[in-house]
Amino acid sequence: MNNLSRRSFLTISSVFAISGCTTATGTTSVGGRFAFRPPVPEFPPYATMYGPVTDQGYTIPAIPYTKIPDQFLRQVVRDPTGEPRDTVVVDTQGHFLYLVLGNGYAIRYGVGLGRAGFEWAGRAEVGAKREWPKWFPPDEMVDRDPKLEKYRVSYDKANDVYNGGMQPGIMNPLGARALYLYQDKKDTLYRLHGSPEWNSIGKSVSSGCVRLMNQDILDLYERVPMGTPVLVR
């Protein structure tokens, strides 16, 4: 272990401990029959996983992952949710988001929560996906903070468009990606989104829904198609 950091060693050893052959898809014997065994992803060392990323002209800075508790870093774990494969589960008490892989495993991401993150719970689905989304602060937030006045949203009824909002960018509160949850085809106003505030992961902060580190929301976004079921509890 002289040439390996503790975190790199844990990352590598946990991947091999999970299945012994984590790149395998294929079959496994279940009750004397053969069943499909979904792949378990291999992640690179944390220094690579949370290193700088260039995406669509934006450069996302590296995250000082050593300052974040290990449990909130992206990793494959035993699935505690009991939900079907390809379900997203937000555990607001533990500040975790799980993507169920099947075969008893899930990818776990650490999340930060704001007041809006606790205001809604239930089952929904991913009804919209946005890359580098604009941010539209609610009026009550603008009222509390006059510096946000320039982002206040107005509706142009004649053209059926919303004006205002913060343009996409590194400091945009929605980060690099956003997943919008819908229930019965209606927007719940609940979001799973990136954030430049990596130090809010694992904490409950003043505003927002469910925030992930930008490197993590990039990973989750690619794994979650439209219509993916989501459980917030």
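Caption draft 1: Quick look at the overall build of the protein. Looking only at helices and strands, the protein features 5 helices and 16 strands. In the protein, which comprises 233 residues, the proportion classed as buried is 45%. Within the protein, contacts between residues at least 6 apart in sequence are counted, and of these 64% link residues at least 24 apart.

Caption draft 2: Just the nonpolar core, in detail. Counting 44 residues, the largest nonpolar core has L97, L192 and L220 as its most contacted members. Take this core: its biggest share by element is 5 residues, from strand β7 (residues 96-102). Setting aside residues up to four positions removed in sequence, L192 forms contacts with V88, V90, L97, R177, A178, L179, L181, V210 and I217. With 10 residues, the next largest nonpolar core counts A128, W135, M141 and A178 among its residues.

Caption draft 3: Looking closely at the environment of A178. Here A178 shows up in strand β13 (residues 177-183). A relative accessible area of 0% means that A178 is categorised as buried. In this structure, the C-alpha to C-alpha distance between A178 and V210, residues 32 residues apart in sequence, is 9.9 Å. In contact with A178, not counting residues within four places along its chain, are A128, K129, R130, P133, L192, H193 and Y221.

Caption draft 4: Examining the confidence of the model for the protein more closely. Residue-level pLDDT values for the protein average 86, and 84% of them are 70 or greater. Low pLDDT, under 50, characterises residues 1-6; the stretch is placed with 3 contacts to residues that sit more than four places away or in other chains.

Caption draft 5: Fine view of the pattern of salt bridges. Applying the stated criterion across every chain, the model contains 11 salt bridges. In this structure, the salt-bridge partner of R74 is D216, at a minimum N-O distance of 2.8 Å. You can see R74 sitting in the loop between β4 (58-60) and β5 (75-78) and its partner D216 sitting in helix α5 (residues 214-223), a full 142 residues away along the chain. The partner of R152 in a salt bridge is E149, with the nearest N and O atoms 2.9 Å apart. Given the relative accessible area of 41%, E149 is considered partly exposed. Salt bridges sharing common partners tie together R74, D216, D219 and R223.

Caption draft 6: Broad picture of unusual backbone geometry. Positive phi values are uncommon outside glycine, yet D86 reaches one of about 70°. One can find D86 in the loop between β5 and β6 (88-91). A relative accessible area of 43% places D86 in the partly exposed class. Even without being glycine, D184 reaches a positive phi, approximately 55°. On the secondary structure map, D184 appears in the loop between β13 and β14 (186-195). Classification of D184 as exposed rests on a relative accessible area of 70%.

Caption draft 7: Geometry of the packing of aromatic side chains. A full pass over the atoms with the stated rule returns 7 aromatic pairs. Measuring from centroid to centroid gives 5.4 Å for F72 and F96, while their planes differ by 35°, and the two rings are tilted. With a gap of 24 residues between them, F72 in the loop between β4 and β5 and F96 in strand β7 connect regions that are remote in the sequence. Its relative accessible area of 12% is what places F96 among the buried residues. Aromatic side chains W120 and Y190 sit 5.5 Å apart centroid to centroid with 50° between the ring planes, which places their arrangement in the tilted category. Pair noted here: W120 is in the loop between α3 (115-118) and β10 (122-131) and Y190 is in strand β14, with a separation of 70 residues, a long-range link. Under the relative-accessibility criterion, W120 is labelled buried at 17%. The class for Y190 is buried, based on a relative accessible area of 1%. Linked through ring pairs, Y46, Y50 and Y65 together constitute an aromatic cluster.

Reading the values: rules and limits
In this convention, every chain numbers its residues from 1, walking through the sequence in written order. Totals for whole chains, interfaces and linings use all residues, but because this is a predicted model, local features are given only for residues with pLDDT of at least 70 and pairs of side-chain atoms are given and counted only at 80 or more. As a convention, hydrogens and water are excluded, and side-chain values are obtained from all of the structure's heavy atoms. Numbering of helices and strands runs from the N terminus; a helix is a DSSP stretch of H or I covering at least four residues, while a strand is a stretch of E covering at least two. Exposure classes here rest on a 1.4 Å probe applied to the protein chains alone. A residue is buried below 20% of its type maximum, exposed above 50%, and partly exposed in between. Contacts are assigned to residue pairs that have any heavy atoms within 4.5 Å of one another. What we call a nonpolar core is a set of buried Ala, Val, Leu, Ile, Met, Phe, Trp, Tyr and Cys residues that are connected through their side-chain atoms within 4.5 Å. One confidence number per residue, pLDDT, is output by the predictor and ranges from 0 to 100. Salt bridges are identified by distance alone: a Lys or Arg side-chain nitrogen within 4 Å of an Asp or Glu carboxyl oxygen. Pairing of aromatic rings covers Phe, Tyr and Trp, the last through its six-membered ring, and needs centres within 6.5 Å; plane angles under 30 degrees mean stacked, over 60 mean edge-to-face, and all others mean tilted.

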